[in-house]
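As a plain string of letters, each chain reads:
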Amino acid sequence: MTDSNWFTLRWNDGAVELLDQTLLPEKEHYLRLDQVEDLACAIERLSVRGAPAIGVAAALGVALGAFNSEADRVDDLRRELDEEVIPRLRATRPTAVNLFWALDRMQRRLHAGTDSEGFTAEALRANLLEEAQGILAEDIRTCRQIGVAGLEVVETGARILTHCNAGALATGGYGTALGVVRAASEAGRKVTVLADETRPLLQGARLTAWELQRDQIPVRVCTDNMAGAMMQAGKLDLVVVGADRIAANGDVANKIGTYAVAVLAKAHEIPFYVAAPLSTIDRSIATGADIPIEIRDREEVARIGDRVVLPEGVEVEQPAFDVTPAKFVTGIITEKGVLRSPYGSAIDRAFSQ
Ligand code: MRU
């Protein structure tokens, strides 16, 4: 499934095209970005967002930088991408590790195929585009595998709570948490979704509800402060969320508010699952305490749409992500199957498979 009348992002004829997520659900408008700086700004203002989608966008950005460069020697092209394009893309958002994973992969391809006679800057440009498009295609395949792995934990009729948007919009397509929902729905399990609206930027209400409605998967929305009452009322069977970065011990950084949902789920004995590709796991970081958390602008809290909802001069707290300790996570649904505690060894096994 995934309604084929829209796409999250793609390469088209020398530019990156993406659905501007800041305008959903009111407008379905595609941006055509043919400059790296414009793409970097689109990532920063969340026109494209969600950990895997940011990684794909950045990879396409490197290809864009290569095609825009006037360098005609391989060395010059490498230098320009290493010193200007890649650092600019790296600086867009700090938490989602998929961004750095994808840029590292592009950088490896940039330096592969070295120095052979006849290896031209043109050939290098083609290699980089191939690598970026490969990352996009792989991401969709991986999401589908996550969906199939998730069937193990989703029963017929399951009522699923999700937070933020970890769907087709947050990936190359299909989604991680919503990939699990889609796979269950395709398998005839008749699942229903309750989406937290996800203040301050409302990814749950604006994006999760939009894409599930497009696929005719039953979805309702509640404000973030209603999730506990829904659990207490026995209206939920499990929680499935995405992740921006998972530490080596299984601690999970995801959209702000995820931690509160995990604690509530534990209190109500409701399973709490995280769905994510292995590219979201950062084994160089021991625990969630070391995950860099993005702090966003006051204005995002101070306004709802055009309306100012804070007195002038009042400051805010504005972390974009929080960390859910591994002890609250029932399982991590990956393309290699569902990982369970103790996560350190489960993660190591998944990487060595
Ligand atoms: O700030 P955002 O919208 O990029 O945050 C997105 C999330 O927190 C998602 O849950 C996460 O990236 C997983 S996407 C498959």
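See the structure shown above.
Summary of the structure given here. A quick note: this is a predicted structure, and the numbers were derived from the prediction, not measured.

Reading the values: rules and limits
Residues numbered from 1 in each chain as written. Predicted model: local features only at pLDDT ≥ 70, side-chain atom pairs only at ≥ 80, totals over all residues. Heavy atoms only, no water. Near = heavy atom within 4 Å. Polar contact = N/O pair within 3.5 Å; in protein donor to acceptor, adjacent residues only side chain to side chain. Areas by Shrake-Rupley, 256 points an atom, 1.4 Å probe, with all protein chains shown as cover. 1 Å grid on protein atoms, 1.4 Å probe; cavity = no way out; pocket = protein on both sides within 12 Å on 5 of 7 lines; lining within 4 Å. Sits in = over half its atoms within 2 Å of the grid points. Helix = DSSP H or I, 4+ residues; strand = E, 2+ residues; numbered from the N terminus. Nonpolar A, V, L, I, M, F, W, Y, C, P; charged D, E, K, R; others polar. Domains from an automatic or database assignment. Axes fitted to C-alpha atoms, helices over the stretch in contact; angles between N-to-C directions. Parallel < 35°, antiparallel > 145°, perpendicular 65-115°, else oblique. Left-handed = near helix turned anticlockwise from the far one by under 90°. Contact = heavy atoms within 4.5 Å.

## Details of the site of the ligand
In the region of the ligand, 18 residues are neighbours, and R49, R93, D244, N254 and K255 sit closest. Note that an oxygen atom of the ligand is positioned 3.0 Å from one of the backbone N or O atoms of G50. Between an oxygen atom of the ligand and a side-chain N or O atom of Q203, the distance comes to 2.9 Å. Protein contact buries 100% of the 420 Å² of open area that the ligand shows by itself. Applying the majority rule of atoms within 2 Å of the grid points places the ligand in the largest cavity. Secondary-structure elements contributing two or more residues to the shell around the ligand are helix 2 (51-68) and strand 9 (252-255). Residue composition of the shell around the ligand, by class: seven nonpolar, seven polar and four charged. There are two domains that each give the shell around the ligand at least three residues, and those are domain 1 (9-144) and domain 2 (145-352).

## Side note on the packing of helix 2 against helix 3 (residues 74-90)
At their nearest, the axes of helix 2 and helix 3 sit 10 Å apart, and the two run at 140° to each other. When the axes of helix 2 and helix 3 are compared, the pair comes out oblique. Crossing hand, helix 2 versus helix 3: right-handed. Here helix 2 contributes A58, G61, V62, G65 and A66 to the contact with helix 3, which in turn contributes L77, L81, V85, I86 and L89. Each residue belonging to the contact of helix 2 with helix 3 can be placed in one class, and the counts come to eight nonpolar, two polar and no charged.

Note that all results are geometric; they support no functional claim without further evidence.
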